[in-house]
Amino acid sequence: MTEMDGQQWEFLIVLALFGTSIILLIADLVLKRFVKNWKNILVIEFSVVFIFIGFYQYQNRPLIFVLPDNFSKEYVTVVYNVDKENKLGINDFTLWKIIQVPENGIIFTSSNINETLPRTEFKTLDGDYYNSKKNQKIFIKLSNSKIEQNGNQYDLRTWRLGKGSFMISMENNFEDYKAKLKIILEKKASR
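All of these numbers come straight from a predicted model, not from anything done at the bench. (Residues numbered from 1 in each chain as written. Predicted model: local features only at pLDDT ≥ 70, side-chain atom pairs only at ≥ 80, totals over all residues. Heavy atoms only, no water.)

*Asks:* Could you clarify how one ought to interpret the overall build of the chain in this entry?
*Replies:* A tally of helices and strands in the chain yields 3 helices and 8 strands. Starting at the N terminus and walking to the C terminus, you meet the elements of the chain as α-α-β-β-β-β-β-β-β-β-α. Rg of the C-alpha trace for the chain: 23 Å, well past the compact-globule value of 16 Å for 191 residues, more than 25% over. In terms of its C-alpha atoms, the chain occupies a principal-axis envelope of roughly 75 × 40 × 35 Å. Considering the chain as a whole, with its 191 residues, one finds that 32% of them fall into the buried category. The contacts in the chain between residues at least 6 apart in sequence include a share of 70% that link residues at least 24 apart. Counting only carbon and sulfur atoms, one obtains 59% of the accessible surface of the chain, whose full area is about 13800 Å². (Helix = DSSP H or I, 4+ residues; strand = E, 2+ residues; numbered from the N terminus. Rg over C-alpha atoms; globule rule 2.2 N^0.38 Å. Buried < 20%, exposed > 50% of the residue type's maximum accessible area, 1.4 Å probe, protein only. Contact = heavy atoms within 4.5 Å. Areas by Shrake-Rupley, 256 points an atom, 1.4 Å probe, with all protein chains shown as cover.)

Encoded structure:
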């Protein structure tokens, strides 16, 4: 596999824009052929554009985790299927969801792991977003996992936070973290 320099990317972008322009021109000509009133053509074209923009926005709805001041934990975890905890409140009509992360970085919910949004973001109380070009704060999503504790099965979704330009997550570090989570879940169940 070869690396592409800037000129090759520019060519692909020009090609994609040219193809899109041709398709839009043909669609416009077909509309003008069958719809004679220019106001109706305008309404139809704006409706199509609005539908495409709405579909794109719907596919990119964010789940935003707001971190407390001076958050120093390495992981943020959502533990699902925990009895007597609040639901996340995410459904098909949720455009975005903001969740405050507690100091320990663990969010307990009675929701199912499938109750989520397509995109995840992390930000500080000051409004600095992670994975932004403005700072060196980054996060990566670790694989979803499960913990069995006292006969209960809990689903986990975990992210690792850090600083720098890139981050690697080691499996043994995550296993140590999961062992700590088991202890926290056991204490929570005993209350």
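*Asks:* Sorry if this is basic, but what is going on with a nonpolar patch on the surface here?
*Replies:* On the surface, Phe18, Ile22, Ile26, Val30 and Phe34 cluster together into a nonpolar patch covering about 540 Å² of accessible area. Classification of isoleucine 22 as partly exposed rests on a relative accessible area of 36%. (Patch = residues over 30% accessible without salt bridge, like charges linked within 9 Å, V, L, I, M, F, W, Y side chains within 5 Å. Salt bridge = Lys/Arg side-chain N within 4 Å of Asp/Glu carboxyl O.)

*Asks:* I tried to follow helix H3 (residues 171-190) on my own but got confused; where do I start?
*Replies:* Residues lying three or four places apart along an α-helix face the same way, a consequence of the helix completing one turn every 3.6 residues. The terminal C-alpha atoms of H3 lie 29 Å apart, and with 20 residues this matches the ideal 28 Å at 1.5 Å per residue to within 8%. Every buried residue belonging to H3 is among Phe174, Tyr177, Lys178, Leu181 and Leu185, and all of these are buried. Viewed end-on, H3 has its buried residues packed into an arc of 105°, placing them on one side of the element. Across H3 from its buried face, at more than 90 degrees, point the exposed residues Lys180, Lys187 and Ser190. Contacts from the buried residues of H3 go to strand E2 (75-80), strand E4 (106-108), strand E7 (145-149) and strand E8 (152-163). (Expected span 1.5 Å × (residues − 1). Arc of directions from axis to C-beta.)

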